[in-house]
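# Observations on the model geometry
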Amino acid sequence: MPGTTTSRALLLVGVVLTAHVFLCTAYVGGDGFSVEFIHRDSVKSPYRDPSLTAPARVLEAARRSTSRAAALSRSYGRADAPSADGAVSELTSRPFEYLMAVNVGTPPTRMLAIADTGSDLIWLNCSSGAGAPGLAPPGVQFNSSNSTTFSLVSCGSSACRALPDASCPDSKCRYLYSYGDGSQTSGLLSTETFTFADDQGTRGDGKIRVANVNFGCSTTMIGSFIGDGLVGLGGGDLSLVNQLGADTSLGRRFSYCLVPYSINASSVLNFGPRATVTEPGAATTPLIPSEVKAYYTVDLQSVKIGNKTFAAPQESPVIVDSGTTLTYLANELLDPLVGELTRRVKLPPAKSPEELLPLCFDVSGVRKGRVAAMIPDVTLGLGGGATVTLKAENTFVEVQEGTVCLAVAAASEQSTPVSIIGNIAQQNMHVGYDLDKGTVTFAAADCARSSAAPSPSGSLHI
């Protein structure tokens, strides 16, 4: 009937327009897609310092971890505090560990951005023609005037309202993101087509196109920045994960499998059904409400070594974060952990470089590859009855030649210390986040095999 046809057509137009305002559309297969998750110290990273030894890189990562953990804790402690400026959103500090490539626009511009599970908004460096004049951002710049699929987001849109703070002096949605060290990035909220290289796909040209992705087109910088932007993988509304969730075939889920530092290969970042953790022994724990919506927070209940179990203090939230290198525990857990490891590990003590880490051993007299067998497993007891076993490669790192240290430090001192499960603890694990189910799943995995990387003679250098 003509009337019915017209109504259906108008309904379709309304749906399309609504989707353009806030939801992205993914042109992908039913199994999702995967991209390279590049550690900043890997051979594929432009930020790798070739002059550093492997232990020196680990020590540098530990230093960055200290700064990032402090920033996460500060933002956790003042999540409900108003910002000093109505248009400013306070973010974590800029230390980062992983990168991902994204091709932006039509035709696409390849950009290498920080991939951060502790942030929400996607923002990329743009040429000043797209927004307010100011100091041009470093690195690769996206020129929106060259793209046929770029558009600005209006102030009244759902996407603009999803920003913690926004200013609208000229009906355009403007943002100003401020970092703990005083650095700032600002620009216009926009939409664009993103194209990802499917790292493990077999379809067509191996490229995944996602239309109408909301992102910040940053045109002004204060301070120094690394990378071509940032892709937020956190739990907030504007993160890439939540935007991809607009496509029901993908859902709001992603996973990664982190290759150990000792292997020169990229890790893998998965989206959609491909992010399902199916390895034997998988342990699933529920997400719990977090003071910061971006953070993936679970309940830490205990730490166990052998037959010794140490109960966590009441209300012990722990953030699962790929951008923090070390693991951080409240002193009520860290102190007995250090004491039990000191008792069990039959190695001479060593001094911690810069006193960054609480327990170190001298392994100069032990043959490479033999140290791991001397270190007991550590098991984390999480909410919902989940248990996650940490092997030696998840708990100890070589920070200088002949010295290994516990990759766990004290959480920040607050009314409720903010614990963090860092990326060393997550090496050789398939970690899956399912925002639809509200869960995080951990499973032991051979991540080097998943990334098709050659495994060295010993996956753990100690």
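Basis of the calculations
- Residues numbered from 1 in each chain as written.
- Predicted model: local features only at pLDDT ≥ 70, side-chain atom pairs only at ≥ 80, totals over all residues.
- Heavy atoms only, no water.
- Helix = DSSP H or I, 4+ residues; strand = E, 2+ residues; numbered from the N terminus.
- Expected span 1.5 Å × (residues − 1).
- Buried < 20%, exposed > 50% of the residue type's maximum accessible area, 1.4 Å probe, protein only.
- pLDDT = per-residue confidence, 0-100.
- Contact = heavy atoms within 4.5 Å.
- Core = buried A, V, L, I, M, F, W, Y, C linked by side-chain atoms within 4.5 Å.
- Domains from an automatic or database assignment.
- Lys, Arg positive; Asp, Glu negative; His and termini not counted.
- Salt bridge = Lys/Arg side-chain N within 4 Å of Asp/Glu carboxyl O.
- Disulfide = S-S within 2.5 Å.
- Pairing = 2+ DSSP bridges.

## What to know about helix α5 (residues 331-344)
Within an α-helix, residues lying three or four positions from one another point in the same direction, as the helix has 3.6 residues per turn. With 14 residues, α5 should cover 20 Å at 1.5 Å per step; its first-to-last C-alpha distance of 20 Å lies within 8% of that length. Among all positions of α5, only L333, L334, L337, V338, E340 and L341 are buried.

## So, the confidence of the model for the protein
Looking at the protein, pLDDT values average 84 and 81% of them are 70 or higher. Under a pLDDT of 50 for its full length, residues 79-90 has, in the predicted model, 22 contacts with residues more than four places off or in other chains. Within the model, the stretch residues 453-460 combines pLDDT values under 50 with 15 contacts to residues more than four positions away or in other chains.

## A short note on the nonpolar core
Inside soluble globular proteins, nonpolar side chains tend to come together where they are buried. Core analysis: the largest hydrophobic core is formed by 75 residues, its most contacted members being F196, F271 and L337. Mapping this core onto the domain boundaries places at least three of its residues in each of domain 1 (33-79 + 87-258) and domain 2 (277-448). Here F271 is in contact with D31, G32, F33, V35, L233, L240, V241, L244, L250, R253 and F254, once residues within four sequence places are set aside.

## What to know about the environment of D237
Tracing the chain through its elements places D237 in the loop between β11 (229-232) and α4 (240-244). Linking D237 and S158, residues 79 residues apart in sequence, is a C-alpha distance of 10.0 Å.

## With respect to the side chain of R40
Along the chain, R40 turns up in the loop between β2 (33-39) and α2 (54-77). Buried charged residue R40 carries no salt bridge. Nearest counter-charge: D41, at 4.4 Å. Dropping the residues within four chain positions of it, R40 is found in contact with S45, Y47, R48, R64, F96, E97 and L99.

## Remarks on the state of the cysteines
Across all of its chains, the model carries five disulfides by this definition. Linked covalently through their sulfurs, C126 and C217 form a disulfide whose S-S length is 1.9 Å. Its S-S torsion of about -110° marks the bond between C126 and C217 as left-handed, since a negative value means left-handed. Of this pair, C126 sits in the loop between β6 (123-125) and β7 (151-152) while C217 sits in strand β10 (residues 207-222); the two residues are 91 residues apart in sequence, bridging distant segments of the chain. Both residues of the pair, C126 and C217, belong to the buried class. Ordinal numbering of bonded cysteines along the protein defines a disulfide pattern of 1-6, 2-4, 3-5, 7-10, 8-9.

## Here's the deal with the pairing of strand β26 (residues 429-434)
One face of the sheet, then the other: side chains in a regular strand alternate in exactly this way. Taken across its six residues, β26 has six buried, putting it largely inside the fold. Of the pairings in the sheet, the one linking strand β12 (residues 253-257) to β26 comprises five bridges and is antiparallel in character. Looking at the pairing, R253 lines up with D434 of β26. Note: β26 against strand β27 (residues 439-444), six bridges, orientation antiparallel. Paired with V431 across the two strands is F442, which belongs to β27.

## Some thoughts on the pattern of salt bridges
Counted according to the given criterion, the structure contains 18 salt bridges. The partner of D237 in a salt bridge is K293, and the shortest N-O contact between them spans 3.2 Å. In this pair, D237 is assigned in the loop between β11 and α4 and K293 in the loop between β14 (283-286) and β15 (297-305), connecting sequence segments 56 residues apart. For E401, the salt bridge identified is with K368, shortest N-O distance 3.9 Å. In this pair, E401 is assigned in the loop between β22 (396-400) and β23 (403-406) and K368 in the loop between β19 (360-362) and β20 (378-382), connecting sequence segments 33 residues apart. On the basis of relative accessible area, K368 is assigned to the exposed category, the value being 52%.

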